[in-house]
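Architecture at a glance
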Amino acid sequence: MKQLLTGDEAIARGAWEAGVKHASAYPGTPSTEILENMAEYEEVYAEWSPNEKVAMESAIGASMAGVRSMVSMKHVGVNVAADPLMTFAYMGVNAGAVIVTADEPGMFSSQNEQDNRNYAKMGKIPMLEPADSQECYDMMKSAFELSEKHNVIFMVRMVTRVCHGKTLVEVGERTELPIKEWTPDPLKYVALPAHARILRVKIEERQKELLEASENSPFNFIEWAGDLAPGKGAGEDGKRIGVITSGPSYWYAKEVFSDLYGENVSYLKLGFTNPLPEKMIGEFIGHLDTVYIIEEDDPYIQEEVERIAGKTKFDGEIHGKDIFPPYGEMTPDVVRKSLTGNSLPLVDYDREMIIRRPPSLCAGCPHRGLFYRLGKRKDIMISGDIGCYTLAAGAPYSAMNSCVCMGASISVGHGAQQAFNRAGVNRKVVTVLGDSTFFHTGINSLMNTVYNNSNTINVILDNRITGMTGHQQNPGTGFTVKGDPTNMVDMETLVRAIGIKHVKVIDPNDLKAVDAAFDEFIDLDEPSVIITRWPCVLKKFSDADLAEFPGLFSTKDVVQPNVCIGCKACQKTGCPALIFDEETKKVHIKETDCVGCDVCAQVCPVSAITKADGSAPKFDKYK
C-alpha cells in the first residue's frame, strides 16, 4: 500500500511498524511532527518530556527494560541530550534504540546551523541519512534491526526538506515484538570509570562490524553513468565525472548534473554515513577523473573522501567546499550557481528581504502588553530566550537584548547582573522566557540565581501551551501528548519552593498591572519572579482554561472613526489587527483578527477604541 507522507510521518510509520513501544521527544521544528504522529498509535507509549536530555534518558530506560524505543529532537536539542547519548553509545542496548536528529540547513527557525553528523562521528554512533520519505520509512525499520544486531543506538539524521517534504511511501504492517528480558548487568549499564574503560575497547571492535555493515548496506550504492561499465562514462569535456552525495542533496545533484552533462555522470549515493564505506568510496573514485562532493553544511563526507584519495593515490580532481558553500541548503539553484560560476550569491540569505514581511506576534498575543511596556524602560537589560516572544527583539518593541539557547535567559541574566553589580553599574536585568522553556531548563537557571544571590527580575510568560512549535502540551498544561488529563505543575508553588520570596502573577494585557509589578520589584536586592498568565490566543481552550480565564471570548474592539485622530499610538503596540487607512487618516480594526484583548484601547489618548457592543474596555485607560 502506498501513502503520501512527509518525512516526519514516514519516520513515525517506520518506527511503529518496527514494533516501537516507547517514544519520547521535546518539540522543535522541524522534528515536532514525529512524536505527534507516534502519539496517534495506540500501541506506542508517547511523551513530551520537559527537555531533550530527559527525553533521551527516558528512551534509554525503555531500551534497558526491553522495548524498542526512539527519541526525536531538532539539531540543537542534541546539544541538550549529548550527555546521556554519549555514554549510552558506550553501553549498548537491550532492545533497539534510535535517536532522530532533525538538522536545519538555512536556519529557518533555529539559532544556529550545526551539522549533527559530527555527533555521530564523535560518539562513534552509527548513522543513517534519508533522502526522501521512502528512505525515512525504510531506514527507520532497518535502524532498529541494526541497533539490536550491533548492540548500539543508531542515529537517523534528517534535514528540513526531508522532514516536511512529501513523497510516496510503500508501507506495510506492524511487527509486534515481545519484550526482551531484562537482567542486571552492571558492567554494561553502570558507567563507572573501570567499566567504561572495558566498554571503550569494545567500541573499536564494534566499529569494524559497523564498517562492514556500511560497505554492504543497500542504502549505499553506485549508479554508473548510463549502461556503461565502470570508468567509461565521460562528460562533454572527455573527463569521467562522478558525484558523491547524501540526503536530499542526491536529488538536487541529479537534477543539475543531468541538465549540465546528460547521462554521463556516475553517482555514489550514501545513506549509511557513519562509518562511511571506505572500500566503496575508493572503488568509485578510482574510475573517475573528477569527483564532486555535494553535502549540506560541513565537509563531513569530503574529509573522508580526501583521506581515502590520499591513501589510494587518486590523481584526479576533488571538488567540495572549494566551490559549494559550507552553509545553507544545497538546493538545485545553489548547486547550479556553484558549478557554473554564476556571480549571484550561492546561498541567498537575503531572500526574505525581497518582500519585507517580518514575522510578528499574533493579534491578541498575551506577550504584547508586557513587551510594549518593557520596551519603554531605559534603565534595564532584557535577557531573552527561545520562543514566539523572541520577536520582541524587533520593532516596535525593541525589548530583548540577548537570546542564546533554551533556558539561558535566566542564567545569562544572572551573569550580567553580577557583572553590573560588581562594577557599580546601576542597571537592572530582566529575564524573560516562556512556560515550556522554563520547564525545559529555566528551572535550573532560576535555582542558580537564588543560590548565588542575584537580584534579577525573572518573567515567566505562562500562555498555557508550547506556542512556537505548534501548541504541544508541557508540564504546566494539564494534558499529555495523547490528550489525557494529567497532573499540572503549579508554577507559582514551584518558584517559591526554589527560594523565590517575591512572586507576582499578573494579566499581561493589563498595562497598569505590568508597570506596577516592575515598579514593585525594580529596587529589590534579591531575585523576584513575575508570572504573566493568559493563554495563547490560538490554542484549543480546555474547560479548565475557560473556567480560569472567563474573559477569553471578550467582545471585539472597534475604533470610533469620529473620535480617532489618526495619531497611530495604538499601532505602536504592534498588533497586526490595527490598520491605518492612508485615505481617511484613521485606524480601523480588522474584525476577523481582533480578540478583544484591549491593549490598544488602553493606549489610545482620546478613548477612540471601545467594545463592538458599545461597552467600555475591560481595563482602565492607560496614563
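Read on for a plain summary of the structure.

A separate point is the overall build of the protein chain. From N to C terminus, the protein chain includes 20 helices and 24 strands. Rg of the C-alpha trace for the protein chain: 28 Å, near the compact-globule value of 25 Å for 623 residues, within the 12% margin. Summarising its shape, the C-alpha atoms of the protein chain cover approximately 85 × 65 × 55 Å along the three principal directions. The buried share of the protein chain, taken over its 623 residues, is 56%. Carbon and sulfur atoms make up 53% of the accessible area of the protein chain, which totals about 26500 Å².

Next up on the list: the pairing of strand S13 (residues 290-294). Summarising burial for S13: five of the five residues are buried, a large majority. Across the two faces of S13 the burial is the same, with Thr-290, Tyr-292 and Ile-294 and Val-291 and Ile-293 all buried. Two elements, strand S10 (residues 241-246) and S13, share five bridges in a ladder whose sense is parallel. Looking across to S13, one finds that Val-243 is bridged to Tyr-292. Judged from the three bridges that link them, S13 and strand S14 (residues 317-319) form a sheet pairing that is parallel. Looking at S14, one finds that Val-291 is bridged to Ile-318. Taken together, S13, helix H12 (residues 300-312) and S14 constitute a β-α-β crossover, and its handedness is right-handed.

Judged by how many residues are buried, strand S5 (residues 97-103) sits mostly within the fold: seven of seven residues are covered. The two faces of S5 match: Ala-97, Ile-99, Thr-101 and Asp-103 on one face and Val-98, Val-100 and Ala-102 on the other face are all buried. Where strand S4 (residues 69-74) and S5 come together, six bridges link them in parallel fashion. Following the sheet pairing, Met-73 is matched in S5 by Thr-101.

The biggest cluster of nonpolar side chains holds 63 residues, and the ones touching the most others in it are Phe-371, Leu-374, Phe-438, Val-459 and Phe-518. The dominant element in this core, judged by the number of residues it contributes, is helix H18 (residues 511-521), at six residues. Formed by 44 residues, the second largest nonpolar core is a distinct cluster that contains Ala-15, Ala-102, Met-140 and Val-152.

Turning our eyes to something else, we now look at the pattern of salt bridges. This structure, assessed with the given rule, holds 36 salt bridges. A salt bridge links Asp-519 to Arg-377; the shortest N-O distance between them is 2.7 Å. With a gap of 142 residues between them, Asp-519 in helix H18 and Arg-377 in the loop between helix H14 (368-374) and strand S15 (380-384) connect regions that are remote in the sequence. A single salt-bridge network, built from bridges that share partners, covers Asp-103, Asp-115, Arg-117, Glu-129, Arg-157, Glu-295 and Asp-297.

Moving on to the environment of Pro-105. Summarising the element assignment, Pro-105 is placed in the loop between S5 and helix H5 (117-123). Taking the C-alpha atoms as reference points, Pro-105 and Tyr-327, separated by 222 residues in sequence, lie 6.8 Å from one another.

Taken together, the side chains of Val-563, Ile-565 and Val-606 make up a nonpolar region of the molecular surface, amounting to roughly 210 Å² of accessible area. You can see Val-563 is positioned in the loop between strand S21 (557-559) and strand S22 (578-581). What makes Val-563 partly exposed here is its relative accessible area of 31%.

Under the definition given, this model contains 10 aromatic pairs. Summarising the aromatic geometry, the rings of Tyr-250 and Trp-251 are spaced 4.9 Å apart at their centres and angled 65 degrees between planes, so their arrangement reads as edge-to-face. Classification of Trp-251 by relative accessible area gives partly exposed; the value is 43%. Three or more aromatic residues joined by ring pairs make a cluster, and in this case those are Phe-257, Tyr-261, Tyr-292 and Phe-324. Here the guanidinium or amino end of Lys-269 rests over the ring plane of Tyr-250, the centre of that ring lying 5.8 Å away.

Procedures and definitions
- Residues numbered from 1 in each chain as written.
- Predicted model: local features only at pLDDT ≥ 70, side-chain atom pairs only at ≥ 80, totals over all residues.
- Heavy atoms only, no water.
- Helix = DSSP H or I, 4+ residues; strand = E, 2+ residues; numbered from the N terminus.
- Rg over C-alpha atoms; globule rule 2.2 N^0.38 Å.
- Buried < 20%, exposed > 50% of the residue type's maximum accessible area, 1.4 Å probe, protein only.
- Areas by Shrake-Rupley, 256 points an atom, 1.4 Å probe, with all protein chains shown as cover.
- Pairing = 2+ DSSP bridges.
- Right-handed = clockwise from strand over helix to strand, strands pointing away.
- Core = buried A, V, L, I, M, F, W, Y, C linked by side-chain atoms within 4.5 Å.
- Salt bridge = Lys/Arg side-chain N within 4 Å of Asp/Glu carboxyl O.
- Patch = residues over 30% accessible without salt bridge, like charges linked within 9 Å, V, L, I, M, F, W, Y side chains within 5 Å.
- Phe/Tyr/Trp six-rings, centres within 6.5 Å; stacked < 30°, edge-to-face > 60°.
- Lys NZ or Arg CZ within 6 Å of the ring centre and 35° of its normal.

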